[in-house]
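Chains, contacts and geometry: an overview
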Amino acid sequence: MKASVPAVDFHTHIGEVKSFSPRLKGWVRVGVEDLLSYMGERGVERAVVLSLPPDSDPYAKVVSNRRLLEAVEPHAGRLVPFCCPNPLNARAASLFKRMVGEGCRGLGELKVQLRIDDPRVVRLLKAAESLGVPALVHIEEGPLFNYCYGVDKLEDVLKLAPDLKLVVHGPGWWRHVSAEPGTEAYPKGPVKGEGLVHRLLRRYDNLYADISASSGLNALARDPEHARRFLEEFQDRVVFGTDFPCLSEEGQFGSDGAHLRLIGGLQLPERAVRKILRENAEKLLA
Ligand SMILES: [Zn+2]
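Below is a summary of the structure that appears in this document. Because the structure is a prediction, the values reported are computed rather than measured.

Describing the environment of arginine 278
Along the chain, arginine 278 falls in helix α11 (residues 270-285). Of the residues examined, arginine 278 has 21 C-beta atoms within 10 Å and is grouped as buried. Sequence spacing of arginine 278 and aspartate 9 is 269 residues, and the spatial spacing of their C-alpha atoms is 8.2 Å. With sequence-adjacent residues up to four places away left out, arginine 278 is seen in contact with Val5, Pro6, Ala7 and Val8.

This is the structure:
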């Protein structure tokens, strides 16, 4: 299916990603033309194209930082580049500021094995705050592999950077949509009560969440009744994203249309759909 309004995909990459599917071995490589092709097929007008911090992920060689700025420059109206120096680099904040001067529109995807309130992470987030650009952070339960962890410290970060437009996603965030998050990364079945996700979104109006990849998809698909209530309440704070070109059970996020099908199938008011697919992203990028 196509998006019902010209959409903004707030979570994409270009470059190479490793397949973990038993049905597809090796790596998948996409360039700008492949991204634009997916966007055209699905009615996505603009996409945020995210970097990863250098040397942070052996399973994703995504085009990042200066190389990304160069790659998307010919498509400036449609592709919006975010950059992310490695917070372990002592010069990360000043490198980021320079990249914003060169056309970078936000910080992300911040994905390193550090607790989210680690001073090195906070320093980068504060740089984004001072420049007035949004930041996008991947949260896992961790400490695990190369992901930010410590969702219980997210509130401290929000207090430290009260003017930062902060977009979060990942299993370590989305499973807390339930009052009983359990221990699985992708819990199934009905959402019980209200979790940390509800509490933080109600308390901090500079906090946003993207529904990309399996984590956002699962958090909403596991309980459509809850998803409808949740998206009606937080229609100003949830943004559509896919994690193209990462691989899904059906093939490839974005190209598979799964996130659009989910939003389209919930019978949400048209106004809420328009905000989630487009207007909230535009507000973040303004
Ligand atoms: Zn991603």
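Some details on the sheet that holds strand β4 (residues 44-49)
Taken together, the 3 strands give an open sheet; going across it, the order is β1-β4-β6, and neighbouring strands pair in parallel fashion. The sheet is open, and its two borders are formed by β1 (7-12) and β6 (79-81), each paired with just one other strand. Along the sheet, successive strands turn relative to each other by an average axial angle of 20°, direction set aside. The pairing of β1 with β4 spans 4 bridges and is classified as parallel. Paired with threonine 12 across the two strands is valine 49, which belongs to β4.

Quick notes on the packing of helix α3 (residues 92-101) against helix α4 (residues 119-131)
A pair of packed helices is captured by two measures, namely the crossing angle of their axes and the spacing between those axes. Where α3 contacts α4, the two axes come as close as 9 Å, and the packing angle between them is 30°. It follows from the interaxial angle that α3 and α4 lie roughly parallel. In the packing of α3 onto α4, the handedness of the crossing is right-handed. Facing Ala92, Ala93, Phe96, Lys97 and Val100 of α3, the residues of α4 in contact are Arg123, Leu124, Ala127 and Leu131. Classifying every residue of the contact of α3 with α4 by side-chain character gives 7 nonpolar, no polar and 2 charged.

Quick word on unusual backbone geometry
With the exception of glycine, most residues fall at negative phi, and the peptide bonds are largely trans. The omega torsion of the bond from glycine 108 to glutamate 109 falls at 5°, within 30 degrees of zero and hence cis. Tracing the backbone through its elements, the reader meets glutamate 109 in strand β7 (residues 107-110). Here the residue pair phenylalanine 244 and proline 245 is connected by a cis peptide bond, since its omega of 5° sits within 30 degrees of zero. Within the secondary structure layout, proline 245 lies in the loop between β12 (238-239) and α10 (258-264). The phi dihedral of asparagine 65 falls on the positive side, at around 55°, and the residue is not glycine. On the basis of neighbour counts, which here come to 22 C-beta atoms within 10 Å, the residue asparagine 65 falls in the buried class. The backbone of alanine 213 shows a phi angle near 60°, a positive value even though the residue is not glycine. Locating alanine 213 in the fold gives a position in helix α8 (residues 213-221). With 23 C-beta atoms packed within 10 Å, alanine 213 lands in the buried category.

Some remarks on the sheet that holds strand β3 (residues 27-30)
Spatially, the 3 strands line up as an open sheet ordered β3-β2-β5, and their pairing is antiparallel. Of all the strands in the sheet, just β3 and β5 (60-62) have a single pairing partner and so form its edges. When strand polarity is set aside, the average angle formed by the axes of neighbouring strands in this sheet is 15°.

Analysis parameters
Residues numbered from 1 in each chain as written. Predicted model: local features only at pLDDT ≥ 70, side-chain atom pairs only at ≥ 80, totals over all residues. Helix = DSSP H or I, 4+ residues; strand = E, 2+ residues; numbered from the N terminus. Buried ≥ 20, exposed ≤ 12 C-beta atoms within 10 Å, placed from the backbone. Contact = placed C-beta atoms within 7 Å. Pairing = 2+ DSSP bridges. Axes fitted to C-alpha atoms, helices over the stretch in contact; angles between N-to-C directions. Parallel < 35°, antiparallel > 145°, perpendicular 65-115°, else oblique. Left-handed = near helix turned anticlockwise from the far one by under 90°. Nonpolar A, V, L, I, M, F, W, Y, C, P; charged D, E, K, R; others polar.

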